[in-house]
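Observations on the model geometry
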Amino acid sequence: MGSKRVSFEGKLHILAAIVMAVSAVMIWMGYGQDIEFHAERLAAIAAEIKNGPGVYRIYTTVCDGYGYASPMFYGDLFLYPAALLAAAGLPLGIAFRLFLTSVMVCAYLSMYCCVKALWGRETAILAAYLYAFSPILLADIFIRFAVGEALAFIFIPIVLFGFYRIVIEPIHPKTDWIFLALGMSGLIFSHIISTVLTVILLVFLCILNVKRIFKDKMSILRMVYAALLTVAITAYFTLPMLEQMATSEFYVINRQTSNLAGNVAPLVGLMFGSEYMSVINVIVEKLTGTADYFSFSWFPGAFGYILFFVLFIRWKKKELLRDKKADSFLLLGILYLVISTVPLIQPLLEPFVGFIKIPWRNLTFYMLFLSLGAALMLKKLKEDHQTNVYRTGLLIPTFGMLVAFFGLVMITLHNGMFPFEQLSTTSIGLGEYLPSAVSSYDYSLERGETVVCSDPEVSYEFSRCSGYAELSYMGAKGEVSFEVPVYMYLGYDVADEATGVSYEPSVSENGLVEFSVTDSAEGTVKIYYKGTLLQKISVWISLITVICLAAILVYCSHYKNQSRLNGDKE
């Protein structure tokens, strides 16, 4: 019995898997844009896990122990499995590498499953290949280390699938709306900016399909159901975030961070991205010893190869490839490409989405729609036995992936190994989630462990413990206030360890925890993050919602299987 021959698509998938595996190995070496920030998040969660189980609102080890509320504004749910591995003793670099590799695998599976349910296995394989192995996702994962944006690749296809099943093709209308809620929940836990961009996309799609929606008014109700379910699933994250933003001031709110017009994607990257310059740069550097002869850039070039092929073949084979769905996806992809790359568009959007800062984030949606449109067209070419054209259509984006990969190799070799073992505890990105009263990003380094006491005659000793801080004082007379080196967020508590008496903390002029003692001359107080009532309630809302949803889905699946069996018997 002869061995089964590997298909053309199978060979390309093997090549893509090799590229992904080698890229994953190179994470051990790479020193990308956001790697330090996200590696610190991973290390911080691992440290909190070692302190004890819980829902972590503050990374108490970050900012030299001052604490940082990153998890209240930037979801970290999907980092927990890798953090558990790190807490169990796996080297941080390997845990991070496994996490990033799993993101690309999950992006592939997400696109495959969604498209298979809509248009079959062959189209799903093509769409997933183009989507998950695109230069844009390669750059997000292995050059930029943009964890949130990379995770968004997993959930955006699920959102689109849910919308499609609600509005365009409601095959199982009683349950399919749940996919929209699941996709949006995953986005919220991954990346708020991608969530906002996806909401804008959904509004736009509703406008385009307004006739369908008003023809089937139940679709409006199902989208409302999906929105309510999303709120309930994500309550433990979104409600505390809104509570903090409503009661406190942070850099992310008060500081100007938008720069739309200055951060468009270069059009030249459609064909010739930074990878070519990176290769030339390394060669020149090795031959001449001159470093940075050409400027290095992370930008994912060659992401336009498949677009030019699709446009050319669509024009040449216009009768064969006439397909409303494919053309709609292609037009949407081109629209997002224009938003990402044409500088004139950005000033018009600035007043509305300036906080998003960077228009090339929209390249994710460009890749989404282009992958769908191209997959539908390639499927038609294959069905019509246009073998050479079909294979060319797959080889072109494969070449683009290889170009991006070799650019990654050059950039990684140039930048060198990231020192996970020397990871700083002050890697907080731009410090967006610091209290706005904090004077500078490096305030914790500048101040150190200094405590400010209102009474110079009081003696005290400050120390940090696992997950909290302690202050012992002696010689207090009357009311004495302390400003301790801990960043203040709503939910902190100060309690006397002997008596249990709580002292109401407030935010100092430096953005730190400040409190006053009035009833004792000496004592030891514990400064710890207790959380708010809303935080506790929101955890139960999310937990009960997820349990009930899982039970309903299991019941529905069992009911469908029973119905099928009964039908077969009849």
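See the structure shown above.
As a starting point, this report considers the structure included with it. (Residues numbered from 1 in each chain as written. Predicted model: local features only at pLDDT ≥ 70, side-chain atom pairs only at ≥ 80, totals over all residues. Heavy atoms only, no water.)

In this section: the overall build of the protein. Each helix and strand counted, the protein has 22 helices and nine strands in total. When each of the 570 residues of the protein is scored for burial, the buried share is 53%. Sequence-distant contacts, at least 24 apart, represent 77% of the contacts inside the protein between residues at least 6 apart. Accessible surface computed for the protein: about 26100 Å², of which carbon and sulfur atoms make up 65%. (Helix = DSSP H or I, 4+ residues; strand = E, 2+ residues; numbered from the N terminus. Buried < 20%, exposed > 50% of the residue type's maximum accessible area, 1.4 Å probe, protein only. Contact = heavy atoms within 4.5 Å. Areas by Shrake-Rupley, 256 points an atom, 1.4 Å probe, with all protein chains shown as cover.)

Below, the discussion takes up the side chain of serine 134. With respect to the helices and strands, the residue serine 134 is situated in the loop between α6 (121-132) and α7 (135-142). At 3.2 Å, the side chain of serine 134 and the backbone oxygen of tyrosine 131 are in polar contact. Residues within four places of serine 134 in sequence aside, it is in contact with Phe153 and Met367. (Polar contact = N/O pair within 3.5 Å; in protein donor to acceptor, adjacent residues only side chain to side chain.)

To continue, consider the sheet that holds strand β9 (residues 523-529). Paired through backbone hydrogen bonds, the strands of a sheet run either parallel or antiparallel to each other. Read from one edge of the open sheet, five strands run β2-β3-β9-β5-β6, paired in antiparallel fashion. Looking at strand neighbours, the two that pair on one side only are β2 (459-465) and β6 (502-503), the edges of this open sheet. (Pairing = 2+ DSSP bridges.)

It is worth spelling out the pattern of salt bridges at this point. Within this structure, the stated rule accounts for 13 salt bridges. A salt bridge links aspartate 140 to arginine 144; the shortest N-O distance between them is 2.8 Å. For aspartate 140, a relative accessible area of 4% puts it in the buried group. Its relative accessible area of 4% is what places arginine 144 among the buried residues. Across the pair arginine 314 and aspartate 327 runs a salt bridge, and its minimum N-O distance is 2.8 Å. Of the two residues, arginine 314 sits in helix α16 (residues 305-316) while aspartate 327 sits in helix α17 (residues 324-341), which places them 13 residues apart along the sequence. In this structure arginine 314 comes out as buried when scored by relative accessible area, which is 16%. What emerges from the salt-bridge pattern is a single network uniting Asp140, Arg144, Glu149 and Arg361. (Salt bridge = Lys/Arg side-chain N within 4 Å of Asp/Glu carboxyl O.)

Glancing now at helix α13 (residues 235-247). For α13, which comprises 13 residues, the first-to-last C-alpha distance of 18 Å matches the rise-based estimate of 18 Å (1.5 Å per residue) to within 8%. Taken residue by residue, α13 has Ala235, Tyr236, Phe237, Thr238, Pro240, Met241, Glu243 and Gln244 as its buried positions. (Expected span 1.5 Å × (residues − 1).)

Here we take up the pairing of strand β3 (residues 468-474). Taken together, the seven bridges between β2 and β3 define a ladder with antiparallel strand orientation. Considered in β3, the bridge of phenylalanine 462 is made with leucine 471. The antiparallel pairing of β2 with β3 creates a hairpin that spans two residues between the two strands, and glycine 467 there sits at a positive phi of about 90 degrees. Where β3 meets β9, five bridges bridge the pair, whose relative direction is antiparallel. Across the sheet, the residue bridging to glutamate 470 is lysine 526, located in β9.

Their axes nearest at 14 Å, the elements helix α10 (residues 192-208) and α17 cross at an angle of 135 degrees. Taken as axis vectors, α10 and α17 run oblique relative to one another. The element α10 and its partner α17 pack so that their crossing is right-handed. Between α10, through Leu201, Phe204, Leu205 and Leu208, and α17, the contact on the second element is made entirely by Leu332, Leu335 and Tyr336. The residue inventory of the contact of α10 with α17, partitioned by class, reads seven nonpolar, no polar and no charged. (Axes fitted to C-alpha atoms, helices over the stretch in contact; angles between N-to-C directions. Parallel < 35°, antiparallel > 145°, perpendicular 65-115°, else oblique. Left-handed = near helix turned anticlockwise from the far one by under 90°. Nonpolar A, V, L, I, M, F, W, Y, C, P; charged D, E, K, R; others polar.)

Across the sheet, four strands lie side by side as β1-β4-β8-β7; this open sheet has antiparallel pairing. With one partner strand each, in any of the chains shown, β1 (452-453) and β7 (506-507) form the two edges of the open sheet. As judged from the six bridges shared by strand β4 (residues 480-487) and strand β8 (residues 512-517), these two strands associate in the antiparallel manner. By the bridge assignment, phenylalanine 482 is partnered in β8 with phenylalanine 515.

It is worth spelling out the packing of α16 against helix α19 (residues 363-383) at this point. Axis separation between α16 and α19 bottoms out at 10 Å; the angle between their running directions is 45 degrees. Of the possible angle classes, the one that applies to α16 and α19 is oblique. Between α16 and α19 lies a crossing of left-handed hand. For the pair α16 and α19, the contacting residues are Ile306, Leu307, Phe309, Val310, Ile313 and Arg314 in the first and Tyr366, Leu370, Ala374, Met377, Leu378 and Leu381 in the second. The residue makeup of the contact of α16 with α19, split by class, is 11 nonpolar, no polar and one charged.

Here we come to the nonpolar core. In terms of nonpolar packing, the biggest core is built from 174 residues, with Tyr366, Phe482, Val484, Tyr489, Phe515 and Ile527 touching the most fellow members. The element best represented in this core is helix α8 (residues 147-168), accounting for 16 residues. (Core = buried A, V, L, I, M, F, W, Y, C linked by side-chain atoms within 4.5 Å.)

Moving on, we come to the pairing of β8. Bridge count for β7 against β8 is two bridges, and the pairing is antiparallel. Each bridged residue has a counterpart across the sheet, and for serine 506 the counterpart in β8 is glutamate 514.

Position of threonine 398 relative to the elements: it lies in helix α20 (residues 387-415). In sequence terms threonine 398 and proline 135 are 263 residues apart; their C-alpha atoms lie 9.5 Å from each other. Not counting the four nearest positions on each side in its chain, threonine 398 is found in contact with Leu12, Leu15 and Tyr129.

What follows covers the packing of aromatic side chains. The relation between two aromatic rings is expressed through the spacing of the ring centres and the mutual angle of the planes. Across all of its chains, the model carries 30 aromatic pairs by this definition. Here the aromatic rings of tyrosine 473 and phenylalanine 482 are separated by 5.7 Å at their centres, their planes lie at 45 degrees, and the arrangement is tilted. Like phenylalanine 482, tyrosine 473 is buried. A connected cluster of aromatic rings, assembled from ring pairs, spans Trp119, Tyr164, Phe329, Tyr336, Phe365 and Phe369. Over the ring of tyrosine 468 we find lysine 526, and its NZ or CZ is 4.6 Å from the ring centre. (Phe/Tyr/Trp six-rings, centres within 6.5 Å; stacked < 30°, edge-to-face > 60°. Lys NZ or Arg CZ within 6 Å of the ring centre and 35° of its normal.)

Relative to the helices and strands, glutamate 149 is located in helix α8. Only 2.4 Å separates the side chain of glutamate 149 from the side chain of arginine 361, close enough to count as a polar contact. Residues contacting glutamate 149, with those up to four places away along its chain left out, are Asp140, Arg144, His191, Ser194, Trp360 and Arg361.

So far we have only geometry, and geometry alone does not tell us how the molecule works.
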